[in-house]
Amino acid sequence: MTQTLRRLLDLPGVADLEAKALMKPGYADPARRDEFPEVDAVLVEVFGLTAEQAEDVIRPHDWDGIERLSPAEQTEVFEAGGWDVRDAKRKPLRMLAVMAEPLALAMRGVAGALPEAPFVPEPAEEKSDWGSGLAAEAARFRKR
């Protein structure tokens, strides 16, 4: 059975920030986060902490420093943890530089919280229609 990954892009406000980062790359620059308060607003809504609060959290002794990894390495670590942090073209999200730390803290239970996963029903089993042709033919035969 394959693991279903939760998509960071599907969380409230993340897709909007990703679109803004496409137009203004400063949105995705952690050094410029003071210029874009809506980034922290989304982080608080989604993870319950701002980027600054995430930086200030005391890390456990076995912390892997995911926030210092390259985006390609981060995507691998997050996928191992059940999160898809890529866009539709399978590239790391532009906002990953800002969101990686709060996401890592929340998914590991160190600080913040993950949003509740929406209920996704199991896919319905496909019904075979191999017998429907026989039933129709039987009905035609009875009419003769």
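Procedures and definitions
Residues numbered from 1 in each chain as written. Predicted model: local features only at pLDDT ≥ 70, side-chain atom pairs only at ≥ 80, totals over all residues. Heavy atoms only, no water. Core = buried A, V, L, I, M, F, W, Y, C linked by side-chain atoms within 4.5 Å. Buried < 20%, exposed > 50% of the residue type's maximum accessible area, 1.4 Å probe, protein only. Helix = DSSP H or I, 4+ residues; strand = E, 2+ residues; numbered from the N terminus. Contact = heavy atoms within 4.5 Å. Axes fitted to C-alpha atoms, helices over the stretch in contact; angles between N-to-C directions. Parallel < 35°, antiparallel > 145°, perpendicular 65-115°, else oblique. Left-handed = near helix turned anticlockwise from the far one by under 90°. Nonpolar A, V, L, I, M, F, W, Y, C, P; charged D, E, K, R; others polar. Phe/Tyr/Trp six-rings, centres within 6.5 Å; stacked < 30°, edge-to-face > 60°. Lys NZ or Arg CZ within 6 Å of the ring centre and 35° of its normal.

Caption draft 1: Examining the nonpolar core more closely. Core analysis: the largest hydrophobic core is formed by 34 residues, its most contacted members being Leu8, Val39, Phe47, Phe78, Met95 and Met99. Elements represented by at least two residues in this core include exactly helix H1 (14–23), helix H2 (37–47), helix H3 (51–56) and helix H5 (96–107). It is H5 that contributes the most residues to this core, 8 residues altogether. Apart from residues lying up to four places away in sequence, valine 39 is in contact with Leu17, Tyr27, Met95 and Val98.

Caption draft 2: Inspection of the packing of helix H4 (residues 71–80) against H5 at higher detail. Between H4 and H5, whose axes approach to 12 Å, the crossing angle comes to 25°. Considered as vectors, H4 and H5 are oriented roughly parallel to each other. Classified by chirality, the crossing of H5 by H4 is left-handed. Between H4, through Pro71, Gln74, Thr75 and Phe78, and H5, the contact on the second element is made entirely by Leu96, Ala100, Leu103, Ala104 and Met107. Each residue belonging to the contact of H4 with H5 can be placed in one class, and the counts come to 7 nonpolar, 2 polar and no charged.

Caption draft 3: Expanded view of the packing of aromatic side chains. Applying the stated criterion across every chain yields a total of 1 aromatic pair. A cation sits over an aromatic face here: arginine 59 above tryptophan 63, 5.4 Å from the ring centre. Here the basic side chain of arginine 108 rests over the ring of tryptophan 63, its NZ or CZ set 4.9 Å away from the ring centre.

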